[in-house]
Amino acid sequence: MGRTGAVINWAPLALGTAHKHRVRILCRRMLGRDTLLIEDATDFVLRELARDNWSRCLRFQGKAKPDTWLYLLSVQLIREYRKRLLEPPGR
């Protein structure tokens, strides 16, 4: 539920052009300019946001704008992606 009590449809917000663009910019800032890495990280973020029927997004409590919530989740997921890159294989 959002601040107004309305149910938020996360798919169009998270998968829309504006948010995808924001995620790509974040990935470039946080991971460097490797185009393949940026695209892979962007796909990872969008896939993880949608995982388990948008379970991460559904923790939204309405204390911020939905776009702000998506931004925060995206930053956390990019950090998770970066951590996975740095972990040795088989861990």
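Residues numbered from 1 in each chain as written. Predicted model: local features only at pLDDT ≥ 70, side-chain atom pairs only at ≥ 80, totals over all residues. Heavy atoms only, no water.

### Side note on the confidence of the model for the chain
For step 1, the next point in the chain: On average, residues of the chain score 92 in pLDDT, and 92% of them are at 70 or above.
For step 2, the next point in the chain: Within the model, the stretch residues 1-5 combines pLDDT values under 50 with 10 contacts to residues more than four positions away or in other chains. (pLDDT = per-residue confidence, 0-100. Contact = heavy atoms within 4.5 Å.)

### So, the nonpolar core
For step 1, the next point in the chain: Within the largest apolar cluster, 23 residues are counted, with the highest numbers of intra-cluster contacts made by Trp10, Cys27, Leu31, Val45, Leu49, Cys57 and Ile78.
For step 2, the next point in the chain: Listed by contribution, the elements that provide at least two residues to this core are α1 (10-15), α2 (17-31), α3 (35-54) and α4 (66-86).
For step 3, the next point in the chain: Setting aside anything within four residues of it in sequence, one finds Cys27 in contact with Gly32, Ile38, Ala41, Thr42 and Ile78. (Core = buried A, V, L, I, M, F, W, Y, C linked by side-chain atoms within 4.5 Å. Buried < 20%, exposed > 50% of the residue type's maximum accessible area, 1.4 Å probe, protein only. Helix = DSSP H or I, 4+ residues; strand = E, 2+ residues; numbered from the N terminus.)

### A short note on the environment of Ala18
For step 1, the next point in the chain: Looking at the element boundaries, Ala18 is found in helix α2.
For step 2, the next point in the chain: Along the chain, Ala18 and Asp67 lie 49 residues apart, while their C-alpha atoms are 9.9 Å from each other.

### Considering the packing of α3 against α4
For step 1, the next point in the chain: It is at 9 Å that the axes of α3 and α4 come closest, and there the two elements cross at 125 degrees. As summarised for this structure, α3 and α4 are arranged oblique, according to the angle between their axes. Here α3 and α4 pass one another in a crossing that is right-handed. Contacts between α3 and α4 involve Leu37, Asp40, Ala41, Phe44, Val45, Glu48 and Leu49 from the former and Leu70, Leu73, Ser74, Leu77, Ile78, Glu80, Tyr81, Arg84 and Leu85 from the latter.
For step 2, the next point in the chain: Looking at side-chain class alone, the contact of α3 with α4 contains 11 nonpolar, one polar and four charged residues. (Axes fitted to C-alpha atoms, helices over the stretch in contact; angles between N-to-C directions. Parallel < 35°, antiparallel > 145°, perpendicular 65-115°, else oblique. Left-handed = near helix turned anticlockwise from the far one by under 90°. Nonpolar A, V, L, I, M, F, W, Y, C, P; charged D, E, K, R; others polar.)

### A closer look at α2
For step 1, the next point in the chain: For α2, which comprises 15 residues, the first-to-last C-alpha distance of 21 Å matches the rise-based estimate of 21 Å (1.5 Å per residue) to within 8%.
For step 2, the next point in the chain: Here α2 has its buried residues at His19, Val23, Leu26, Cys27, Met30 and Leu31. The buried residues of α2 all sit within an arc of 105 degrees when viewed along its axis, so they share a single face. In α2, the exposed residues that point more than 90 degrees away from the buried face are Thr17 and Arg29.
For step 3, the next point in the chain: One or two steps after α2, the chain reaches Gly32, where phi turns positive at roughly 105 degrees. (Expected span 1.5 Å × (residues − 1). Arc of directions from axis to C-beta.)

### Remarks on unusual backbone geometry
Trans is the common state for peptide bonds, and a negative phi is the common state for residues other than glycine.
For step 1, the next point in the chain: Its identity as a non-glycine residue notwithstanding, Asp52 has a phi of 50 degrees, on the positive side.
For step 2, the next point in the chain: Examined against the element boundaries, Asp52 turns out to sit in helix α3.
For step 3, the next point in the chain: The exposed category is assigned to Asp52, whose relative accessible area is 60%.
For step 4, the next point in the chain: In this structure, Asn53 takes a positive phi of about 55 degrees despite not being glycine.
For step 5, the next point in the chain: Following the sequence through the fold, Asn53 ends up in helix α3.
For step 6, the next point in the chain: For Asn53, a relative accessible area of 61% translates into the label exposed.

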